[in-house]
Amino acid sequence: MANQNLNEKSDTIVSTAVFSKDGKNRYLLRKTWDTSKKKLSVIMTFPSTADSLLLDQTTMLVINGAVKSGFGEVSILNVFSAINSTNPRIDKVNCSVMIDECEKADVVLVAYGRSTSYTDDKQKVLEMLEKYKDKLYTLIDSKGLPYSHPFSPLAHEWNIQKI
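Since the structure is predicted, the reported quantities are computational estimates derived from the model, not experimental observations.

This part takes up the sheet that holds strand 1 (residues 14-19). Read across the open sheet, the seven strands follow the order 1-2-4-3-5-6-7; overall the sheet is mixed. Whereas interior strands pair on both sides, the edge strands pair on one side only; in this sheet they are strand 1 and strand 7 (160-162). Neighbour-to-neighbour, the strand axes of this sheet turn through a mean angle of 25 degrees, independent of strand direction. The pairing of strand 3 (residues 38-44) with strand 5 (residues 107-110) spans four bridges and is parallel. Paired with Leu40 across the bridge in strand 5 is Val107.

Here it is, written out as structure tokens:
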């Protein structure tokens with residue numbers, strides 16, 4: 001650079017997306033930028049169409065929160081894998097991927113929001129993750145309420161607390 005008052009910074013993000021062969025289910029969206037730092041798994045409710053290159057606003061907020069919180073990788077998981085389904089169901093492939101990612105994670109952040117929809121399914125996922133209780137955390141919003149979703153304006157500044 002010609003101007004000595006400038007500081008150029010360049011980073012690389014390795015991006016992985018795992019979909020069903022028909023593209024109707026997304027099982028995993030992982031972003032890795034620093035393998036020397038801790039790994040985070042975030043569990044929300046529904047997947048978007050975000051993939052290895054395209055981001056939606058929630059994915060961007062999750063990546064920003066993870067970076068600011070000192071993580072080097074985030075795996076975005078969901079209670080349901082079906083994209084735009086009117087009748088979502090928990091499926092075995094999604095559960096298997098979720099368990100694999102939570103096994104590798106240093107922190108598992110349950111951030112599916114406080115909606116009263118699908119409470120039985122959310123409870124089933126929490127029960128499935130019981131063996132990871134030592135690394136289960138939740139996102140607390142600015143009002144002090146748990147299980148916040150990263151898209152909530154009250155949860156844009158992350159406050160992660162143990163469940």
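Right, picking up where we left off after that structure.
As a further point, take the nonpolar core. Core analysis: the biggest nonpolar cluster contains 18 residues, and Ile43, Leu77, Val79, Met98, Cys102, Val108 and Leu129 have the highest contact counts within it. Elements supplying a minimum of two residues to this core: strand 2 (26-32), helix 2 (92-104), strand 5 and helix 3 (119-128). The element best represented in this core is helix 2, accounting for three residues. Counting 17 residues, the second-largest nonpolar core is a separate cluster that includes Ala50, Ala66, Ile76 and Val107.

This paragraph deals with the pattern of salt bridges. In total, this model carries six salt bridges according to the counting rule given. For the salt bridge of Lys9 with Asp11, the shortest nitrogen-to-oxygen distance reads 3.9 Å. Here Asp11 falls in the exposed class, since its relative accessible area comes to 59%. Residues joined in a network through salt bridges with shared partners are Arg30, Glu73, Glu101 and Lys104.

By the definition in use, this model includes four aromatic pairs. Pairing Phe46 with Tyr118 gives two aromatic rings, centres 5.5 Å apart and planes at 80 degrees, and the pair type is edge-to-face. Pair noted here: Phe46 is in the loop between strand 3 and helix 1 (57-68) and Tyr118 is in the loop between strand 5 and helix 3, with a separation of 72 residues, a long-range link. Relative accessible area serves as the criterion here: at 33%, Tyr118 is assigned to the partly exposed category. Seen from their ring centres, Phe80 and Tyr118 are 5.1 Å apart, and the 70 degrees between their planes marks the pair as edge-to-face. Placement of the pair is Phe80 in the loop between strand 4 (71-78) and helix 2 and Tyr118 in the loop between strand 5 and helix 3, with a sequence separation of 38 residues. Joined through ring pairs, the aromatic side chains of Phe46, Phe80 and Tyr118 make up one cluster. Between Lys162 and the ring centre of Tyr137, over which it is positioned, the NZ or CZ distance is 5.4 Å.

By secondary structure assignment, the location of Asn94 is in helix 2. Side-chain polar atoms of Asn94 contact the backbone oxygen of Asn78, separated by 2.8 Å. Contacts of Asn94, omitting those with residues within four sequence positions, involve Arg26, Tyr27, Asn78, Val79, Phe80 and Ser81.

Let's shift gears to the pairing of strand 6 (residues 136-139). Pairing between strand 5 and strand 6: three bridges, direction parallel. Each bridged residue has a counterpart across the sheet, and for Leu109 the counterpart in strand 6 is Tyr137. A crossover links strand 5 with its parallel partner strand 6, the connecting element being helix 3, and its sense is right-handed. Bridging between strand 6 and strand 7 involves three bridges; their strand directions are antiparallel.

Cut-offs used in this document
- Each chain has its residues counted from 1, following the order in which its sequence is written.
- Only residues with pLDDT of 70 or above have their local features reported here, since the model is predicted, and side-chain atom pairs are shown and tallied only from 80 upward, although totals for entire chains, interfaces and linings are computed over all residues.
- Side-chain measures here rest on the full set of heavy atoms in the structure, leaving out hydrogens and waters.
- When DSSP finds two or more bridges between two strands, those strands count as paired.
- The helix count covers DSSP runs of H or I at least four residues long, the strand count covers runs of E at least two residues long, and both are numbered beginning at the N terminus.
- Lines fitted to the C-alpha atoms define the axes, with helices restricted to the stretch that makes contact. Angles between their N-to-C directions range from 0 to 180 degrees.
- In plain words, nonpolar cores are sets of buried Ala, Val, Leu, Ile, Met, Phe, Trp, Tyr and Cys residues tied together by side-chain atoms within 4.5 Å.
- Partly exposed residues are those whose accessible area sits between 20% and 50% of the maximum for their type, while under 20% is buried and over 50% is exposed, using a 1.4 Å probe and protein chains only.
- Should a side-chain nitrogen of Lys or Arg be within 4 Å of a carboxyl oxygen of Asp or Glu, the pair is scored as a salt bridge.
- Each aromatic pair joins two rings of Phe, Tyr and Trp (for Trp, the six-membered one) with centres within 6.5 Å, and gets the label stacked for planes under 30 degrees apart, edge-to-face for over 60, and tilted for any other angle.
- The criterion for a charge sitting over a ring is simple: Lys NZ or Arg CZ within 6 Å of the ring centre, and within 35 degrees of the ring normal.
- Each polar contact in these results corresponds to two N or O atoms within 3.5 Å; when the atoms are within protein, one needs to be able to donate a hydrogen and the other to accept it, and residues that are neighboring in sequence are counted only if both atoms are side-chain atoms.
- Any two residues whose heavy atoms approach within 4.5 Å at even a single point are treated as in contact.
- Handedness of a crossover is defined as follows: orient the strands so they point away from the viewer, and if the path from the first strand over the helix to the second runs clockwise, the crossover is right-handed.

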